[in-house]
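Breakdown of the fold
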Amino acid sequence: MNVQLSYKEGVLTAFLAGEIDHHSAREMREQIDEAAQKHKPYCLRLDFSQVPFMDSSGIGLILGRVRLCGFWKGHVVLCGLSPQLGRMVELSGIASVAAIERRVS
């Protein structure tokens, strides 16, 4: 399983692991969406600390969750982004629709 989910006090955290590509993104999306539909969290946190690589499917994964959470006025927070993933997220413009939690050194 590439996703571990934790729900606590209105926050659903998805701990993502492994490379995110077309095939893995679909499985992750299904697991996250099922839990999000059930709990309708005010905050969905996507933790990328165990993701070494993602292609454009990862961007689609994020944007789809932003849209889903918008249905119940929730928001998405991205955390644990490596410098490479952070740059990809930055260039895609995702920061305008999802919060990005920066690593504290």
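The present account deals with the structure reproduced in this document. (Residues numbered from 1 in each chain as written. Predicted model: local features only at pLDDT ≥ 70, side-chain atom pairs only at ≥ 80, totals over all residues. Heavy atoms only, no water.)

Close contact between helix H1 (residues 22-39) and helix H2 (residues 56-70) brings their axes to 9 Å; oriented N to C, the two are set at 15 degrees. Taken together, the axes of H1 and H2 are roughly parallel relative to one another. Crossing angle aside, the handedness with which H1 passes H2 is right-handed. Note on element contacts: H2 touches H1 through Ser 57, Leu 61, Arg 65 and Leu 68, opposite His 22, Ala 25, Met 28, Arg 29, Ile 32, Asp 33, Ala 36 and Gln 37. The residue makeup of the contact of H1 with H2, split by class, is 6 nonpolar, 3 polar and 3 charged. (Axes fitted to C-alpha atoms, helices over the stretch in contact; angles between N-to-C directions. Helix = DSSP H or I, 4+ residues; strand = E, 2+ residues; numbered from the N terminus. Parallel < 35°, antiparallel > 145°, perpendicular 65-115°, else oblique. Left-handed = near helix turned anticlockwise from the far one by under 90°. Contact = heavy atoms within 4.5 Å. Nonpolar A, V, L, I, M, F, W, Y, C, P; charged D, E, K, R; others polar.)

This part takes up the nonpolar core. If you look at the biggest cluster of nonpolar residues, it comprises 29 residues, and the most contacted ones within it are Leu 16, Ile 20, Leu 46, Phe 48, Ile 62 and Leu 78. Those elements that provide at least two residues to this core are strand E2 (11-17), H1, strand E3 (43-50), H2, strand E4 (75-79) and helix H3 (83-92). The element contributing the most residues to this core is H2, with 6 residues. Excluding its chain neighbours within four sequence positions, the residues that come into contact with Leu 16 are Asn 2, Val 3, Met 28, Ile 32, Asp 47, Phe 48, Gln 50, Val 51 and Leu 61. (Core = buried A, V, L, I, M, F, W, Y, C linked by side-chain atoms within 4.5 Å. Buried < 20%, exposed > 50% of the residue type's maximum accessible area, 1.4 Å probe, protein only.)

Another point: the pairing of E3. When E2 meets E3, the two strands line up parallel, connected through 6 bridges. Bridging across to E3, Ala 17 finds its partner in Gln 50. Where E3 lies against E4, 5 bridges are found, and the strand directions are parallel. Residue Arg 45 lies in a different strand from E4, and its bridge partner there is Val 77. The handedness of the E3 to E4 crossover, carried by H2, is right-handed. (Pairing = 2+ DSSP bridges. Right-handed = clockwise from strand over helix to strand, strands pointing away.)

Turning our eyes to something else, we now look at unusual backbone geometry. The phi dihedral of Lys 40 falls on the positive side, at around 45 degrees, and the residue is not glycine. Checked against the element boundaries, Lys 40 lands in the loop between H1 and E3. When its relative accessible area of 44% is taken as the criterion, Lys 40 is described as partly exposed. Positive phi is not limited to glycine here, since Lys 73 has a value of about 65 degrees. With respect to the helices and strands, the residue Lys 73 is situated in the loop between H2 and E4. Overall, Lys 73 belongs to the exposed group, its relative accessible area being 76%.

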